[in-house]
Each structure stands twice: as structure tokens, then as C-alpha cells.
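Spelled out from the first residue to the last, the chains are:
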Amino acid sequence: MLVLKNTMLAIALVAGISGAFATKVANSPKVDEPRYDWSGSGPLHSGTLDNKTAMEAQDYFGCKGRTTQCAAGEISSGVGAPKATIFLND
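Bear in mind that the values here come from a model prediction, so they are computed numbers and not experimental data.

A. Just the overall build of the protein chain, in detail. Helix and strand content of the protein chain: 2 helices and 4 strands. Taken from N to C terminus, the helices and strands of the protein chain fall in the order α-β-β-α-β-β. Burial statistics for the protein chain: of 90 residues in total, 17% are counted as buried. Residue pairs at least 24 apart in sequence account for 40% of intrachain contacts in the protein chain once pairs closer than 6 positions are excluded. A total accessible area of about 6300 Å² is found for the protein chain, and carbon and sulfur atoms account for 63% of it.

B. Molecular detail of the nonpolar core. Ranked by size, the top nonpolar core spans 10 residues in total: Tyr 36, Trp 38, Leu 49, Ala 57, Phe 61, Cys 63, Cys 70, Ala 71, Ala 84 and Ile 86. Those elements that provide at least two residues to this core are strand E1 (35–41), helix H2 (54–61), strand E3 (69–77) and strand E4 (83–87). Residues in contact with Ala 84, not counting those within four places in the same chain, are Tyr 36, Trp 38, Ala 71, Ala 72 and Gly 73.

C. Geometry of unusual backbone geometry. Residue Asn 51 is not a glycine yet carries a positive backbone phi of 55 degrees. Following the sequence through the fold, Asn 51 ends up in strand E2 (residues 46–52). According to the relative accessible area criterion, Asn 51 is partly exposed, its value standing at 35%.

Scoring rules and cut-offs
Residues numbered from 1 in each chain as written. Predicted model: local features only at pLDDT ≥ 70, side-chain atom pairs only at ≥ 80, totals over all residues. Heavy atoms only, no water. Helix = DSSP H or I, 4+ residues; strand = E, 2+ residues; numbered from the N terminus. Buried < 20%, exposed > 50% of the residue type's maximum accessible area, 1.4 Å probe, protein only. Contact = heavy atoms within 4.5 Å. Areas by Shrake-Rupley, 256 points an atom, 1.4 Å probe, with all protein chains shown as cover. Core = buried A, V, L, I, M, F, W, Y, C linked by side-chain atoms within 4.5 Å.

Remember, this is a structural readout, not a statement about activity or role.
Shown next, in the form of C-alpha cells:
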């Protein structure tokens with residue numbers, strides 16, 4: 001019985017670590033994803049942020065919305081629109 005418990009705990013631990021690793025890999029930016037030099041002000045940070053994707057800028061500035069401009073970016077690498085904007089409010 002003790003061996004079965006230990007085996008089940010080991011399987012749960014490996015599954016949890018594997019799931020966390022897969023999530024991190026899936027959320028990492030792609031090689032050709034456009035990166036921008038950002039300037040903005042949000043609930044978490046204000047100022048500039050260089051060579052980051054739109055998702056990274058949203059996380060940094062704390063902006064996830066659709067109406068009030070939070071930050072503007074100009075492309076620095078990758079293929080994409082020359083300018084990008086992220087917003088603060090829904």
C-alpha cells in the first residue's frame with residue numbers, strides 16, 4: 001500500500017512539473033513574432049520597454065483592455081505592423 005501511495009505521488013509530481021513546463025513553452029514568444037520598443041503608462045509600470053512583444057508589454061504595464069490607450073510601440077524586430085498599441089480598459 002505504501003509503495004502504491006509513493007508511486008501515485010511521484011506520478012502526480014511529474015505530471016505537475018511537465019504541465020508547468022509545457023505552459024511556459026507555449027506562452028514564450030515565437031522567433032518571428034514582432035517586437036516593439038514601447039512607451040506608456042499603466043497600473044504596474046510607466047516609462048519605456050524595449051524590444052518586447054505586445055503580450056510581454058501588456059504583462060509589464062498591466063494593460064489588458066480595449067478602450068483607453070496604455071502604451072504605444074514602434075517595431076524593433078520581426079515581421080509586423082510598424083506601430084502597435086495596447087489598451088487599459090474594457
